[in-house]
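What the coordinates show
Listed below are the residues making up each chain.
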Amino acid sequence: MYPQVKAAFSSKTTTDTLKPDSQACLIGNKTDRKMSRPLALIIDDEPDICELLELTLSAMEIDTQIAQTLAEAHTLLQRYDFDICLTDMRLPDGNGLDLLKQIRDKHPALPVAVITAHGNMELAIEALKAGAFDFLSKPVDLQILRNQVRSALRISPRQPRERRTRHILLGDSSAMCSLRGAVEKVSRSQAPVLIRGESGTGKELVAHMIHRQGPRSDNAFVPVNCGAIPTELVESEFFGHKKGSFTGATADKEGLFKAADGGTLFLDEVADLPLNMQVKLLRAIQEKKVRPIGASRETSVDVRILSATHKDLGSLVEQGNFRQDLYYRINVIEIPVPALRDRLEDLPVLIDHIMGRLAKQNRQPAPRLSSDAISQLQQYHFPGNVRELENILERAFALCENGIVEHQDLGITPSGELQNKNIVQKKGELPLETYLANIEKEAIQTALMETRNNKTAAAELLGMSFRSLRYRLKKLGLD
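The following paragraphs examine the structure supplied in this document. Residue numbers run consecutively from 1 along every chain, following the written order of its sequence. Local features in a predicted model are, by the rule used here, given only for residues with pLDDT of at least 70; side-chain atom pairs are given and counted only at 80 or more, and totals for whole chains, interfaces and linings are based on all residues. The side-chain figures draw on all heavy atoms in the structure; neither hydrogens nor water molecules are used.

**Overview of the sheet that holds strand 15 (residues 304-309)**
Two modes of strand pairing occur in sheets, parallel and antiparallel, and in both the strands are linked by backbone hydrogen bonds. Condition: One requirement defines pairing of two strands: DSSP has to find at least two bridges between them. A run of H or I in DSSP counts as a helix once it spans at least four residues, and a run of E counts as a strand once it spans at least two, with each numbered from the N terminus. Throughout, an axis means a line fitted to C-alpha atoms (over the contacting stretch in the case of helices), and angles, computed between N-to-C directions, take values from 0 to 180 degrees. The contact criterion used throughout is that any non-hydrogen atoms of two residues lie within 4.5 Å.
Overall, parallel pairing links the five strands, which are arranged 9-12-15-8-16 in an open sheet. The sheet is open, and its two edges are formed by strand 9 (221-225) and strand 16 (333-336), each paired on a single side. Strand after strand, the sheet turns through a mean of 20° between neighbouring axes, direction not considered. Sitting on the sheet, helix 9 (residues 174-186) is in contact with strand 8 (193-196), strand 15 and strand 16, with an inclination near 155° to strand 16. Its contacts with the sheet put helix 10 (residues 203-213) on strand 8, strand 9, strand 12 (264-268), strand 15 and strand 16, and the angle it makes with strand 8 is roughly 150°.

As C-alpha cells, then:
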C-alpha cells in the first residue's frame with residue numbers, strides 16, 4: 001500500500017469499507033446523476049497511486065472510476081458524467097496532455113487536475129496553459145489533494161454559479177466583451193493569472209471578479225501592493241513570523257499566504273518585489289507550502305495567485321530585474337486590461353455609473369453633462385484611465401451649477417488637455433489624484449486666507465458656489 005495511506009486513515013479503517021460499492025459506482029451512469037454523490041475519474045497506471053486517490057476520495061464521499069490507459073479513460077468518459085478528473089501525465093498508450101486537450105474540446109465543463117513527477121514544473125505549467133484546473137506533484141500531498149477536489153467540485157456544472165460581470169466590468173466595447181469572456185474562462189481554473197494594464201484601468205477589479213466567479217468565492221480575497229511593503233518586512237508580511245524570531249517580533253504573526261488560505265492572494269505591482277523575495281515567492285507557489293520566520297517546519301497553504309503590473313515584465317527579465325522562472329510561473333495565463341482611450345465608446349455607461357454613485361454618496365440628484373462637456377471628454381486622452389475619469393467627474397460634480405456639468409467644470413481645454421499641463425503624471429512624481437488634490441487644497445487655503453476665513457467670500461473668489469466649497473472642504477479635510 002502507498003505509504004501515505006496509512007497516515008491518512010486510522011488502523012481500524014479497512015480498504016474494503018472505504019471502496020465504493022458497485023451500485024454506488026453505477027449511479028454515475030449518464031442515465032441517473034441528479035441525486036448521486038460526486039463522481040471522479042482517476043487515470044493512472046500505478047496501482048498504489050490509484051489506491052491512494054480512491055481511498056482519499058471515498059473518505060470525502062466521492063465515488064470513483066479508475067482507468068489505467070487513455071483507451072479506458074475514453075470509454076468511461078462516454079459512459080459517465082464525471083465531476084472531476086485526476087490524470088497522470090505519462091500513460092502506457094499516450095500522455096495526459098493529449099487527454100486534457102480532448103476533454104477540453106468534448107467536456108469543457110469537466111475540471112481536470114494533472115499529476116506530475118516531483119519537480120517537473122515545466123510540464124505542470126504546460127498543462128495549466130492547456131486548460132488544466134490544477135496540478136499535483138508526486139508524492140501526492142493528501143491535504144493539497146483534498147483542497148483541489150473541494151475547489152473543483154464547487155465549479156461542477158451541477159453547482160449554481162453567479163456568472164454576470166457586465167454590471168461590474170462596465171462597457172459594451174469589443175475590448176470589454178473580450179475581457180469579461182476571459183474572466184469567465186480563467187475563473188474556472190486555478191492557474192496563476194497575470195493581469196497587465198496601465199495604471200487606473202481597473203486591474204484589481206478584474207482580479208476581484210476572477211475570485212468572485214471562481215470556486216474560492218466564499219473564502220478570502222487578499223490584495224497586497226508589493227511596492228508598498230518595506231524591503232526588510234516583505235518576508236514577514238508574506239509568510240509570517242514566530243514570536244522572538246527577530247527584534248520587534250513580540251507575538252506570532254500570520255502572513256498573507258495564511259490569511260488567503262483557501263482563497264486568493266492578489267499581488268498588485270508584482271514587478272516591485274525585491275529579487276531575494278522573488279526566489280522565496282517562487283518556492284511557495286511551486287511547493288504550495290510556506291515557512292514563517294523562526295518556524296521549524298513548513299505548512300501547506302491552498303492559495304490561488306493572481307498578479308498585476310503596469311510594467312513590461314518581459315523587459316525586466318531581460319534587464320535582470322525580475323526572475324525569469326517566477327515570470328513564467330505567474331504568467332501562465334495573461335489578461336490584458338484595455339486603456340480607456342481604446343474604448344471611448346464605453347464613456348456614456350461609465351459616466352452614468354460614476355455620476356450615479358456620486359449622487360448616492362452625496363444624497364443629491366445626479367447632474368447631466370452638456371454636449372460641450374461630453375465632446376471634450378470624448379477628445380481627451382485619459383492618461384490616468386478610468387481612475388482619472390472618476391477624479392474629473394467628482395470635481396465636476398462639486399463645481400457644476402443648476403444640475404448641469406459644463407465644459408469648464410471638467411478642467412479640460414477644448415484641445416483635450418488638462419488646463420494645468422504640470423498635472424500630467426510623470427515617472428517619479430506624485431500620483432495624478434494626489435497632485436490634483438494638493439493643487440485644489442492650496443487654492444482653497446489661499447482663498448480662505450485672503451477672505452479672512454469667510455467661506456462665502458472665498459467661494460465667490462474661487463468661482464464656485466458655497467455648496468461646492470463646503471463639499472471640497474469636507475473632502476480635503478479642511479472643514
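**Some thoughts on the environment of Ile351**
Along the chain, the position of Ile351 falls in helix 16 (residues 347-362). Residues Ile351 and Arg368 lie 17 residues apart in sequence; the distance between their C-alpha atoms is 9.6 Å. Excluding residues that lie within four positions of it along the chain, Ile351 makes contacts with Leu369, Leu377 and Leu393.

**Focus on the pattern of salt bridges**
Where charged atoms of side chains with opposite charge meet at close range, the side chains can pair. Put simply, the rule reads: Counted as salt bridges are all cases of a side-chain nitrogen of Lys or Arg within 4 Å of a carboxyl oxygen of Asp or Glu. Residue exposure (1.4 Å probe, protein chains only): buried if accessible area is under 20% of the type maximum, exposed if over 50%, otherwise partly exposed.
Under the definition given, this model contains 16 salt bridges. Here Lys253 ties to Glu237 by a salt bridge, and the two come within 2.4 Å at their closest N and O atoms. Of this pair, Lys253 sits in strand 11 (residues 253-254) while Glu237 sits in helix 11 (residues 234-239), and the two are 16 residues apart along the sequence. Residue Lys253 is classed as partly exposed on the basis of its relative accessible area, which comes to 31%. Its relative accessible area of 24% is what places Glu237 among the partly exposed residues. Connected via shared salt-bridge partners are Glu46, Asp88 and Lys138.

**Considering helix 6 (residues 96-106)**
Worth spelling out the cut-off: Think of it as the arc spanned by the lines of direction from the helix axis to the C-beta atoms. Under this definition, polar contacts are N or O atom pairs within 3.5 Å; protein pairs additionally need one hydrogen-donor-capable and one acceptor-capable atom, and for neighbouring residues in sequence, both atoms have to be side-chain atoms.
All of the buried residues in helix 6 are Gly96, Leu97, Leu99, Leu100 and Ile103. Each buried residue of helix 6 lies within a common arc of 155° when the element is viewed along its axis, so the set occupies one face. Seen from the open side of helix 6, the exposed residues pointing more than 90 degrees away from its buried face are Asp105 and Lys106. Where helix 6 begins, the side chain of Asn95 points an oxygen toward the backbone nitrogen of Leu97, at a separation of 2.9 Å.

**A word on empty space enclosed by the protein**
Basically, it comes down to this: Lining residues are those with an atom within 4 Å of a point, where the points come from a 1 Å grid over the protein atoms alone and group into cavities, where a 1.4 Å probe fits but cannot get out, or pockets, open sets with protein on both sides within 12 Å along at least five of seven lines. Grid points are joined across faces, edges and corners, and a volume is the space filled by probe spheres set on the points. Residues were grouped as follows: Ala, Val, Leu, Ile, Met, Phe, Trp, Tyr, Cys and Pro as nonpolar; Asp, Glu, Lys and Arg as charged; and all remaining residues, including Gly, as polar.
Across all of its chains, the model carries three cavities of 30 Å³ or more by this definition. Roughly 240 Å³ of internal volume is contained in the largest cavity. Lining the largest cavity are 19 residues, with Asp134, Ile285, Lys288, Val303 and Arg304 positioned closest to its centre. At the level of secondary structure, the elements contributing two or more residues to the lining of the largest cavity comprise strand 7 (134-137), helix 8 (142-154), helix 13 (275-287) and strand 15. In terms of residue count, the dominant contributor to the lining of the largest cavity is helix 8 (three residues). Looking at side-chain class alone, the lining of the largest cavity contains ten nonpolar, three polar and six charged residues.

Purely geometric stuff here, so don't read any function into it on its own.
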